[in-house]
Amino acid sequence: MANLSIDAVKKMTYDAIVIGSGISGGWAAKELSEKGLKTLVLERGRDVQHVKDYPTATKHPWELEHRGRPSLEVQKEFATRKGKVDEATMHFFVKDAEQPIVQEKPFTWTRGYQVGGKSLTWARQTQRWSDFDFEGPARDGFAIDWPIRYIDLAPWYSYVEKFAGISGNRDGLPQLPDGEFLPATELSCIETHLQRTIASKYKDRQLIQGRCAHITEPQPIHLQQGRAKCQHRTMCNRGCPFGGYFSSNASTLPWAARTGNMTLRPHSVVHSIIYDEQKGKASGVRVVDANTKEVLEFYASVIFVNGSALNSNLILMNSISSRFPNGLGNDNGLLGKYISWHNYRGKISASYEGLQEVTIDGRTPNNSYIPRFRNLYRQETDFLRGYATGLGGGRGTARSTDGIGANLKANLLNRTPGNWHISAWMQGEVIPRESNHIRLHATEKDPYGIPQLVTSCDWTENDDKMVQDYLEQLTEMFTLAGFTNINAVDTHSAPGADIHEMGGARMGKDPKTSLLNKWNQLHACENVFVTDGACMTSTSTQNPSLTYMALTARAADYAVSELKKRNI
Ligand SMILES: Cc1cc2nc3c(=O)[nH]c(=O)nc-3n(C[C@H](O)[C@H](O)[C@H](O)COP(=O)(O)OP(=O)(O)OC[C@H]3O[C@@H](n4cnc5c(N)ncnc54)[C@H](O)[C@@H]3O)c2cc1C
Ligand code: SF4
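Caption draft 1: Structural view of the overall build of the protein. Along its length, the protein carries 13 helices and 22 strands. The C-alpha radius of gyration of the protein comes to 24 Å, within 12% of the 24 Å expected for a compact globule of 568 residues. Reported as C-alpha extents along the three principal axes, the dimensions of the protein are approximately 80 × 55 × 50 Å. For the protein, long-range pairs separated by at least 24 residues make up 72% of all intrachain contacts whose partners lie at least 6 apart in sequence. Accessible surface computed for the protein: about 23000 Å², of which carbon and sulfur atoms make up 50%. Of the charged side chains in the protein, 65 are positive and 61 negative, and the gap between their average positions amounts to 3 Å.

Spelled out as structure tokens, the structure:
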């Protein structure tokens, strides 16, 4: 700062800086700017404006250059999304060369670097966590105790749900608290069939409709955002021109912009957070401009770190000062450790020869869900914790390719319904362990001169046993429902394929064993808040993003009140 004129510094100075504009950064931007703070949002990727920048949103398959399947050359550029690259959405995912990593152990890291982050491409499943999750580590003796309980977050869940628009049923399940729901979408008839089978055969298990961030009945707050009712096109992850599902681009960012208090700066790769040794707090951030590679500094009184779990760890680890030689706030050496994720290794599919009289009408952007039932009230298996299940079902069609000329055409046009089919995927809780960690590589750098991340994360016996149990239990439920062709597999996929990375800067009560306090504030640098997946003490079986939204809104409220009291 010393060489800059006071005016130049003023131009670069804001009340708050938010790093990242994805799901959690969008909420930080909205809350801080709505509360009157001049807020700078730094986003490493390009700008993506709602509707205007959704290039494939209304394209038919034949309008995509390769009918949706990109060339092998292009697929190679997305090695971390092997087998999942789709021409209609690939512009919202990161090519490996943009940010190479060193995989000490295999790690499939899915990233979306643009304004809106992964909020454009997520699957929108939004369940609240319960005290089975927040009390889990203390009860079952792993990781450390969460510094909060469900009661601390419940009002903030309500707050974010009302604004985002969450559809679902009030199912009254203790492990899956009900929320502020818009009407639920419908189950398919094969899911209803399985639901009835499970209800009749098990006391402890339920199949319910998923809770998802789709507007099924717009409320005034959604119309004020310019969003409309979901049309069930199921082309969501191309960006939705109706704003039918929640994304930062459709919802929180335009809302923040409207306050006049937000400045959004795309192409701004945050290198590190600047620590002011004299003041004993962070004074701003160092940025590499992605286009010019110029290094810039921006200053603010409060900083929200929302780069997504692993990137937020990276930024903190790369923020070196005399006070923090091992990374910002890292007095206990635990930064980057206890990385955890969800276990999606178990997959099962089947077909059903019944219900031939029922056909499909329309589509659904949602899926059904079997909440966790294992080890809820007592330890009943030889592995810790449990799993939830996502399910989707439908009825395919078959067509004959016999004949030539007019006959062939007629056969191709004349589809006949096939059997009903169903598939399910596991979402298991992975126990955070110190050995599962990420760190900075000593010499390898990314294109912006920032150290590359080394990923060192692996499965344990607990995960293997859980997958085994999942496959057995789902096979049993499918068999009882009369399903045939049951195919249950352990994919043995690498960690990270499971898209819900968490931990590394966990919340806790004790600065000796955690990085963040109950307000998501770094214990050792109180004007820095981390409210994305990096803060998570354990992983639950529920999807995480709704919890990031609630934690972010709560932390922003606290940060502003602390700023007003001049405590930070
Ligand atoms: C296919 C898929 C399906 C998913 N489905 C679900 C689901 O159903 N339910 C659920 O809860 N979650 C789901 N997730 C996970 C969900 O997308 C993430 O939990 C969520 O997006 C995390 O929010 P975030 O703000 O932490 O990160 P992101 O949304 O990833 O945003 C982070 C932003 O920070 C930016 N950034 C990163 N580093 C820097 C830097 N150094 N400088 C500046 N900017 C930076 C990135 O470019 C990005 O825009 C899914 C993810 C994927 C990929
Ligand atoms: S299903 Fe709904 S949210 Fe998804 S693209 Fe269609 S209208 Fe939009």
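Still more ground to cover, so stick around.
Caption draft 2: View of the site of ligand 1. Around ligand 1 lies a shell of 36 residues, among which Ser24, Glu43, Ala123, Val270 and Ser545 are the nearest. Between ligand 1 and Gln114, the relevant distance is 3.0 Å, taken from an oxygen atom to a main-chain nitrogen or oxygen of the residue. At 2.9 Å from an oxygen atom of ligand 1 is found a main-chain nitrogen or oxygen belonging to Gln125. Bound to the protein, ligand 1 loses 95% of the 990 Å² it would expose on its own. Of all the secondary-structure elements, those providing two or more residues to the shell around ligand 1 are helix 2 (23–34), strand 8 (268–276), helix 10 (309–317) and helix 13 (545–564).

Caption draft 3: Representation of helix 12 (residues 461–480) in the model. The end-to-end C-alpha distance of helix 12 is 29 Å, a good match for the 28 Å that 20 residues give at a rise of 1.5 Å each. Considered for burial, the residues of helix 12 that qualify are Asn462, Asp463, Met466, Val467, Asp469, Tyr470, Leu471, Gln473, Leu474, Met477 and Phe478. Positive phi appears at Gly482, one or two residues downstream of helix 12, with a value of about 80°.

Caption draft 4: Here's a closer look at the pattern of salt bridges. Applying the stated criterion across every chain, the model contains 30 salt bridges. Here Lys30 ties to Glu34 by a salt bridge, and the two come within 2.9 Å at their closest N and O atoms. Separated by four residues within a single helix, Lys30 and Glu34 lie in helix 2, roughly one turn from each other. Glu34 sits in the partly exposed class, given a relative accessible area of 37%. Between Arg211 and Asp171 there is a salt bridge, with its nearest N and O atoms 2.9 Å apart. Within this pair, whereas Arg211 is found in the loop between strand 6 (208–209) and helix 8 (220–224), its partner Asp171 is found in the loop between strand 4 (166–167) and strand 5 (181–182), the two being separated by 40 residues in sequence.

Caption draft 5: Structural detail: the site of ligand 2. Near ligand 2 lie 13 residues; those nearest to it are Cys230, Gln231, Arg233, Cys236 and Cys240. Counting atoms within 2 Å of the grid points, the majority share of ligand 2 lands in the largest cavity. Broken down by class, the residue content of the shell around ligand 2 amounts to seven nonpolar, five polar and one charged.

Caption draft 6: The arrangement of the sheet that holds strand 3 (residues 102–103) in detail. Pairing is mixed across the open sheet formed by three strands, whose spatial order is 3-18-17. Two strands lie at the open edges of the sheet, namely strand 3 and strand 17 (437–445), each paired on one side alone. Here five bridges tie strand 17 to strand 18 (residues 451–456), and the two strands are oriented antiparallel to one another. Across the sheet, the residue bridging to Leu440 is Leu453, located in strand 18.

Caption draft 7: Representation of helix 10 in the model. Taken across its nine residues, helix 10 has nine buried, putting it largely inside the fold. Listing the buried residues of helix 10 in full gives Ala309, Leu310, Asn311, Ser312, Asn313, Leu314, Ile315, Leu316 and Met317.

Caption draft 8: Representation of the nonpolar core. Counting residues in each nonpolar core, the largest one holds 89 residues, and the members touching the most others are Ile273 and Val285. Looking at which element gives the most residues to this core, the answer is helix 6 (residues 150–164), with eight residues. Grouped together as the second largest cluster of nonpolar side chains are 27 residues, Tyr202, Ile348, Tyr387 and Leu474 included.

Caption draft 9: Up close: the packing of helix 7 (residues 189–201) against helix 12. Put simply, helix 7 and helix 12 touch, their axes get as near as 9 Å, and they point 105° apart. Judged by the inter-axis angle, helix 7 sits roughly perpendicular to helix 12. On helix 12, the residues that touch Leu194, Thr197, Ile198 and Lys201 of helix 7 are Met477, Phe478 and Leu480. Taken together, the residues that form the contact of helix 7 with helix 12 break down as five nonpolar, one polar and one charged.

Caption draft 10: View of the state of the cysteines. As enumerated under the stated definition, the model contains zero disulfides in all. With no disulfide of its own, Cys212 lies closest to Cys230 among cysteine sulfurs, the gap being 7.5 Å.

Caption draft 11: Representation of empty space enclosed by the protein in the model. Throughout the structure, instances matching the rule amount to two cavities of 30 Å³ or more. As a volume, the largest cavity reaches approximately 80 Å³. As for the largest cavity, its lining consists of His214, Cys230, Gln231, His232, Arg233, Thr234, Met235, Cys236, Cys240, Phe242, Gly244 and Tyr245. Considering only residue class, the lining of the largest cavity consists of six nonpolar, five polar and one charged. Considering only enclosed or pocket space, the second largest cavity measures out at about 30 Å³ in volume. If you trace the second largest cavity, you find it lined by Phe78, Arg81, Lys84, Val85, Asp86, Thr89, Met90 and Phe93. Broken down by class, the residue content of the lining of the second largest cavity amounts to four nonpolar, one polar and three charged.

Caption draft 12: Examining unusual backbone geometry more closely. Of note in the backbone geometry, Lys293 takes a positive phi value of approximately 65° without being a glycine. Along the chain, Lys293 falls in the loop between strand 9 (281–289) and strand 10 (295–305). We classify Lys293 as partly exposed; its relative accessible area is 44%. At Tyr338, a position not held by glycine, the phi torsion is positive, near 60°. Mapped onto the elements, Tyr338 comes out in strand 11 (residues 337–340).

Calculation rules
Residues numbered from 1 in each chain as written. Chains lettered and ligands numbered in written order. Predicted model: local features only at pLDDT ≥ 70, side-chain atom pairs only at ≥ 80, totals over all residues. Heavy atoms only, no water. Helix = DSSP H or I, 4+ residues; strand = E, 2+ residues; numbered from the N terminus. Rg over C-alpha atoms; globule rule 2.2 N^0.38 Å. Contact = heavy atoms within 4.5 Å. Areas by Shrake-Rupley, 256 points an atom, 1.4 Å probe, with all protein chains shown as cover. Lys, Arg positive; Asp, Glu negative; His and termini not counted. Charge placed at Lys NZ, Arg CZ, Asp CG, Glu CD. Near = heavy atom within 4 Å. Polar contact = N/O pair within 3.5 Å; in protein donor to acceptor, adjacent residues only side chain to side chain. Expected span 1.5 Å × (residues − 1). Buried < 20%, exposed > 50% of the residue type's maximum accessible area, 1.4 Å probe, protein only. Salt bridge = Lys/Arg side-chain N within 4 Å of Asp/Glu carboxyl O. 1 Å grid on protein atoms, 1.4 Å probe; cavity = no way out; pocket = protein on both sides within 12 Å on 5 of 7 lines; lining within 4 Å. Sits in = over half its atoms within 2 Å of the grid points. Nonpolar A, V, L, I, M, F, W, Y, C, P; charged D, E, K, R; others polar. Pairing = 2+ DSSP bridges. Core = buried A, V, L, I, M, F, W, Y, C linked by side-chain atoms within 4.5 Å. Axes fitted to C-alpha atoms, helices over the stretch in contact; angles between N-to-C directions. Parallel < 35°, antiparallel > 145°, perpendicular 65-115°, else oblique. Disulfide = S-S within 2.5 Å. Points joined across faces, edges and corners; volume = space filled by probe spheres on them.

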